[in-house]
Amino acid sequence: VKWKGKDLFDLVCRTLGLRETWFFGLQYTIKDTVAWLKMDKKVLDHDVPTEEPVTFHFLAKFYPENAEEELVQEITQHLFFLQVKKQILDEKIYCPPEASVLLASYAVQAKYGDYDPNVHKRGFLAQEELLPKRVINLYQMTPEMWEERITAWYAEHRGRARDEAEMEYLKIAQDLEMYGVNYFAIRNKKGTELLLGVDALGLHIYDPDNRLTPKISFPWNEIRNISYSDKEFTIKPLDKKIDVFKFNSSKLRVNKLILQLCIGNHDLFMRRRKADSLEVQQMKAQAREEKARKQMERQRLAREKQMREEAERTRDELERRLMQLKEEATMANEALMRSEETADLLAEKAQITEEEAKLLAQKAAEAEQEMQRIKATAIRTEEEKRLMEQKVLEAEMLALKMAEESERRAKEADQLKQDLQEARESERRAKQKLLEITSKSSYTQSMNSSTTALPTDLPSFNLISESLSFDFKDTDMKRLSMEIEKEKVEYMEKSKHLQEQLNELKTEIEALKLKERETALDILHNENASRGNSKHNTIKKVS
């Protein structure tokens, strides 16, 4: 009952392990107006709702100018990532379609880690809320088409840890026009309705219909004094030549909230431009050491993973080679069996041919004997003589044919003998090749068994890691700072490529846009983009 706001706030921060407490606060709602718990006032003395339980929302109250430089702790980055992501999806922060797809890809990287086509198959984002409904309704695109474009960018983020992906998300989001701006409805002295925006850079005056481009801006370093009396609020510029700006809000409670936000943002604005406190310096040193330790751990794991993958690839290659040798051995066995069968067939055919040749030779001899007998028993009469001569002639022709056939058969028998000899030679070579393959197979099996055992030896890397010493000396810190500076330069170089990718996606999906569904903010953003206006140069122009 006696607890002050600070007691409750500190308990939440301790529970979360949060040290960068100055960005956050406990928010509650009273009579349709948001309010923040005051640290030096008892919780129950606030104008909190009477029903129980009393609900407070732990939220970022103030935003950094540069998330990468100011947010030190990983938990701080994560809380900002969750809040900004929700504001973009709830359309409290306007985000153009192409930037929405890029931010969604970093959100997927933060949640799922590196893209793996075997794991992250089509439809794995079906249940995820990644894009504002306004963007989805603006284009004639199916969920599968959106997923395909998000996944294409997601695949390019390989190697980024969760905290790195979330920081990339914040670095893109902080350049959106409505990022970190608290809007309040006001009226000027003439009664014109306007919007007052309070953020990390200063105070901005907007048209009610245009929350993207301020009409007037007052940077914190150009404001001398801010005060209110009842519902009237006064901004006094540092330059006394410039008129004092006065406006009225709807409620006194709103004026108190505006003043709270102004004081907090102004304090942080001035704090950024001074040397870091001892506490912040210690936090940054610890963060650098932790980052270096994680980097070394990631490199060690990457090396182990690479060596394991190489061992597995070698094992797979040896297994493939073994299978290939087995197939070759099987084919050689089959070829040997075919050679043996062919040799047997040729030997059998040669034997048959030899027998046929002997039979023909026997018939030729018989024909010769018949001819001699016919000549010896010549017919006495002339007619018989003529007939005999004719028969002799026929017998001679038959004998000649028989001789030619016998000669042909003899040649064929010789050819078959030669084929038989070649078949036996082929059989000998096949047996020799089979012996060679068998010897290779046994060698590969021995290699495979030694390689397959390789992954079991991999935990020996733990011995190496145990002998490492994380002694972060000044030289290590200097080297780390140089690496961080190098990363900044590389990021600037990548920004141009990123912008080209965004423009390419915008051109690609432009044909599918439904113009009649464009909101007023879409139209205003397109006009600003066509003029080359960005968040920072617009504020600079109207300051």
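Read on for a plain summary of the structure. Because the structure is predicted, anything quoted here is derived from the model rather than measured.

Section: the side chain of glutamate 518
Here glutamate 518 lies in the loop between helix H13 (474–510) and helix H14 (520–531). Within the local environment of glutamate 518, its side chain forms a polar contact with the side chain of asparagine 526, the two groups lying 3.3 Å apart. Dropping the residues within four chain positions of it, glutamate 518 is found in contact with Leu138, Lys513, Ile523 and Asn526.

Overview of the packing of aromatic side chains
Counted according to the given criterion, the structure contains 18 aromatic pairs. The interplanar angle of 50 degrees and the centroid separation of 5.9 Å between the aromatic rings of phenylalanine 218 and phenylalanine 245 together place this pair among those described as tilted. Taken as a pair, phenylalanine 218 in strand E7 (residues 216–219) and phenylalanine 245 in strand E10 (residues 245–249) lie far apart in primary sequence, 27 residues in all. The buried category is assigned to phenylalanine 218, whose relative accessible area is 10%. Aromatic ring contacts, followed pair by pair, group Phe9, Trp22, Phe23, Phe24, Phe58, Tyr63, Phe80 and Tyr179 into a single cluster. Directly above the aromatic system of tryptophan 22 lies the positively charged group of arginine 271, at a separation of 4.1 Å from the ring centroid. Taking the ring centre of phenylalanine 269 as reference, the NZ or CZ of arginine 273 above it sits at 3.6 Å.

Notes on the sheet that holds strand E2 (residues 33–36)
An order of E2-E1-E3 is seen for the three strands of this open sheet, with the pairing classed as antiparallel. Of all the strands in the sheet, just E2 and strand E3 (57–60) have a single pairing partner and so form its edges. On average, adjacent strands in this sheet sit at an angle of 45 degrees to one another, irrespective of strand direction. One ladder, built from four bridges, connects strand E1 (residues 24–30) with E3; its direction is antiparallel. Its bridge partner being in E3, leucine 26 is matched across the sheet by phenylalanine 58. Where helix H3 (residues 74–89) meets the sheet, it contacts E1 and E3, and its direction lies at approximately 100 degrees from that of E3. Strand contacts of helix H8 (residues 252–272): E1 and E2, with the helix running at about 45 degrees to E2, the strand carrying the most contacts.

What counts, and at which threshold
- Residues numbered from 1 in each chain as written.
- Predicted model: local features only at pLDDT ≥ 70, side-chain atom pairs only at ≥ 80, totals over all residues.
- Heavy atoms only, no water.
- Helix = DSSP H or I, 4+ residues; strand = E, 2+ residues; numbered from the N terminus.
- Polar contact = N/O pair within 3.5 Å; in protein donor to acceptor, adjacent residues only side chain to side chain.
- Contact = heavy atoms within 4.5 Å.
- Phe/Tyr/Trp six-rings, centres within 6.5 Å; stacked < 30°, edge-to-face > 60°.
- Buried < 20%, exposed > 50% of the residue type's maximum accessible area, 1.4 Å probe, protein only.
- Lys NZ or Arg CZ within 6 Å of the ring centre and 35° of its normal.
- Pairing = 2+ DSSP bridges.
- Axes fitted to C-alpha atoms, helices over the stretch in contact; angles between N-to-C directions.

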